[in-house]
Amino acid sequence: MNVLVTGGAGYIGSHAVQRLLRDGHTVLALDSLLRGHEKAIDRLRPGSGGRLIFAKLDVNERAGVERLLREHSIDTVMHFAALAAVGESVDQPLFYYRNNTSGMVSLLEACSAVGVERLVFSSSCATYGVPPENMVPIPETCPQSPISPYGETKLQGERLLRDLAEGQRRAKKPFAYAALRYFNVAGADRTGVLGEDHDPETHLIPVVLQAALGRRDGVSVFGTDYPTPDGTCIRDYLHVEDLVDAHVRVMDALKPGDERAYNLGIGKGYSVREIISAVREVTKADFAVREQARRPGDPPRLFADASRIRMELGWSAQITDLHEIIESAWKWFRQNPKGYGA
Ligand code: UDP
């Protein structure tokens, strides 16, 4: 296939590019480089299998995106390009609506102009907001009611796709999409080429690993009074390679007219304190831990019921050991202490 990967130089997007190239696809990777790293793309060039084209372009640049889609006969899109920090989205909501929602409108206009037939969208469990107690683990049928601008932009993305699909159906144009609702994504490519490099880094596992490396003076625990066994938030951490594998399976399964939504997680939750303990065990490093106030926009407990994708497509996470997930990220941070800037 000829696949456009938006956000192809970002953390998850670059892992998807790597996998698609290995599978022999032609990949057009787009990235504005606002948060992505061209060096991730450079690391993927040698011996990559399929054909890789990279363009520095924001998805908001509709005409440029449309031109590239035509030039490379793109039939399939994986849309990762987005801002992805819940706390930041609360502080800078319009930045999120501009990048995530407007960016997606613009991308979909280009896709529909050239007749893209399949689209796999990075959605999020943040679209569920605070799920009712009796709906954790969370199934896809849980009501979607986000409590952060980030979650809102992802829900808007799903709505855009639903409505576009209806328009394409009426116009008798083939189109299919899947919204993949990620829980927390962690770890790094186990061949040691790619990893996570955000600036600023706000996600828990990389933050704790940076503290273990001595690159920050300890870790803050945001909220210790949640209604959970140890008072800290519980999340479901899925290895990035498993996440990408789900994308590939979904892409291969999509048939014209399909509208699918799948939760992607391992189906088990860990608290912030459990993550900190696991990082201490893996790294054998010690570091300061500060208990702080809750971070706005954080639901107490989110972990997936991922049985729908298991039953329909036979996908389930293969790397389910938390230590193994953290170990892969630790390898990346030790070998690339300054990320791609090294
Ligand atoms: N968290 C924390 N300290 C940090 C970063 C995150 O206590 O330095 C908490 C955060 O409040 C949330 C959980 O860890 O409860 C996971 O946060 P992350 O930002 O990694 O992912 P999110 O679930 O927001 O997508």
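Our structure is the block above this text.
Our subject in this report is the structure included herewith. These numbers were taken from a predicted model, which means no experiment stands behind them.

Procedures and definitions
- Residues numbered from 1 in each chain as written.
- Predicted model: local features only at pLDDT ≥ 70, side-chain atom pairs only at ≥ 80, totals over all residues.
- Heavy atoms only, no water.
- Helix = DSSP H or I, 4+ residues; strand = E, 2+ residues; numbered from the N terminus.
- Rg over C-alpha atoms; globule rule 2.2 N^0.38 Å.
- Areas by Shrake-Rupley, 256 points an atom, 1.4 Å probe, with all protein chains shown as cover.
- Lys, Arg positive; Asp, Glu negative; His and termini not counted.
- Charge placed at Lys NZ, Arg CZ, Asp CG, Glu CD.
- Near = heavy atom within 4 Å.
- Polar contact = N/O pair within 3.5 Å; in protein donor to acceptor, adjacent residues only side chain to side chain.
- Pairing = 2+ DSSP bridges.
- Axes fitted to C-alpha atoms, helices over the stretch in contact; angles between N-to-C directions.
- Left-handed = near helix turned anticlockwise from the far one by under 90°.
- Contact = heavy atoms within 4.5 Å.
- Nonpolar A, V, L, I, M, F, W, Y, C, P; charged D, E, K, R; others polar.
- Core = buried A, V, L, I, M, F, W, Y, C linked by side-chain atoms within 4.5 Å.
- Buried < 20%, exposed > 50% of the residue type's maximum accessible area, 1.4 Å probe, protein only.
- Right-handed = clockwise from strand over helix to strand, strands pointing away.
- Phe/Tyr/Trp six-rings, centres within 6.5 Å; stacked < 30°, edge-to-face > 60°.
- Lys NZ or Arg CZ within 6 Å of the ring centre and 35° of its normal.

### Remarks on the overall build of the protein
Helix and strand content of the protein: 11 helices and 13 strands. Since a compact globule built from 342 residues should have a radius of gyration of about 20 Å, the 19 Å found for the protein is in line with a globular shape. Dimensions along the principal axes, computed over C-alpha positions, put the protein at roughly 55 × 45 × 40 Å. For the protein, the accessible surface area stands at approximately 13,900 Å², while carbon and sulfur atoms represent 48% of it. The positive charge centre, built from 41 side chains, and the negative charge centre, built from 44, are 2 Å apart in the protein.

### Some thoughts on the site of the ligand
Around the ligand, a shell composed of 15 residues is seen, among which Leu204, Ser220, Arg235, Arg295 and Asp298 lie nearest. At a separation of 2.7 Å, a nitrogen atom of the ligand approaches a polar backbone atom of Ser220. Between an oxygen atom of the ligand and a side-chain N or O atom of Arg235, the distance comes to 2.8 Å. The fraction of the free accessible surface of the ligand (510 Å²) that becomes covered by protein chains is 91%. For the shell around the ligand, the leading source of residues is strand β8 (residues 219–222), giving 3 residues.

### Quick look at the sheet that holds strand β1 (residues 2–6)
Taken together, the 7 strands give an open sheet; going across it, the order is β3-β2-β1-β4-β5-β6-β11, and neighbouring strands pair in parallel fashion. Two strands close off the open sheet at either side, each with one partner strand: β3 (51–56) and β11 (259–264). Neighbour-to-neighbour, the strand axes of this sheet turn through a mean angle of 15 degrees, independent of strand direction.

### Looking at the packing of helix α3 (residues 62–71) against helix α5 (residues 93–114)
Put simply, α3 and α5 touch, their axes get as near as 9 Å, and they point 35 degrees apart. Judged by the twist between their axes, the crossing of α3 over α5 is right-handed. For the pair α3 and α5, the contacting residues are Arg62, Val65, Glu66, Leu69 and Arg70 in the first and Ser106, Leu107, Glu109, Ala110, Cys111, Ala113 and Val114 in the second. Partitioning the contact of α3 with α5 into residue classes produces 7 nonpolar, 1 polar and 4 charged.

### Things to note about the nonpolar core
Val250, Leu264 and Ile309 are the most contacted members of the largest nonpolar core, which has 74 residues in total. Considering every element that reaches this core, the biggest residue donor is helix α8 (residues 240–253), with 8 residues. Ile309 has contacts with Ala246, Val250, Tyr262, Asn263, Leu264, Gly314 and Trp315, leaving out every residue within four places of it along the chain. Core analysis: the second largest hydrophobic core is formed by 26 residues, Leu28, Val77, Met104 and Cys111 among them.

### A word on the pairing of strand β5 (residues 118–124)
The buried fraction of β5 amounts to 7 of the 7 residues, a majority that puts the element mostly inside the structure. Alternating positions in β5 separate into two faces, Arg118, Val120, Ser122 and Ser124 on one and Leu119, Phe121 and Ser123 on the other, with burial throughout. Where strand β4 (residues 76–79) and β5 come together, 4 bridges link them in parallel fashion. Across the sheet, residue Met78 finds its bridge partner in β5, namely Val120. For the crossover from β5 across helix α6 (residues 149–170) to strand β6 (residues 176–182), the handedness is right-handed.

### Observations concerning the packing of aromatic side chains
One pass over the full model with this rule turns up 3 aromatic pairs. Between the aromatic rings of Trp332 and Tyr340, the centroid separation amounts to 5.0 Å while the plane-to-plane angle is 55 degrees, which identifies the pairing as tilted. Classification of Trp332 as buried rests on a relative accessible area of 3%. Over the ring of Tyr226 we find Arg294; its NZ or CZ atom is 4.0 Å from the centre of that ring.

### Here's the deal with unusual backbone geometry
The linkage connecting Val136 with the following residue, Pro137, adopts the cis geometry, with an omega of 0 degrees. Turning to its location among the elements, Pro137 is positioned in the loop between β5 and α6. For the peptide bond that leads from Asp199 to Pro200, omega is 5 degrees, which places it in the cis range. Within the fold, Pro200 resides in the loop between β7 (184–186) and α7 (204–212). The backbone of Leu33 shows a phi angle near 65 degrees, a positive value even though the residue is not glycine. Mapped onto the elements of the fold, Leu33 is located in the loop between β2 (26–31) and α2 (38–44). For Lys172, which is not a glycine, the phi torsion comes out positive at approximately 60 degrees. Here Lys172 is to be found in the loop between α6 and β6.

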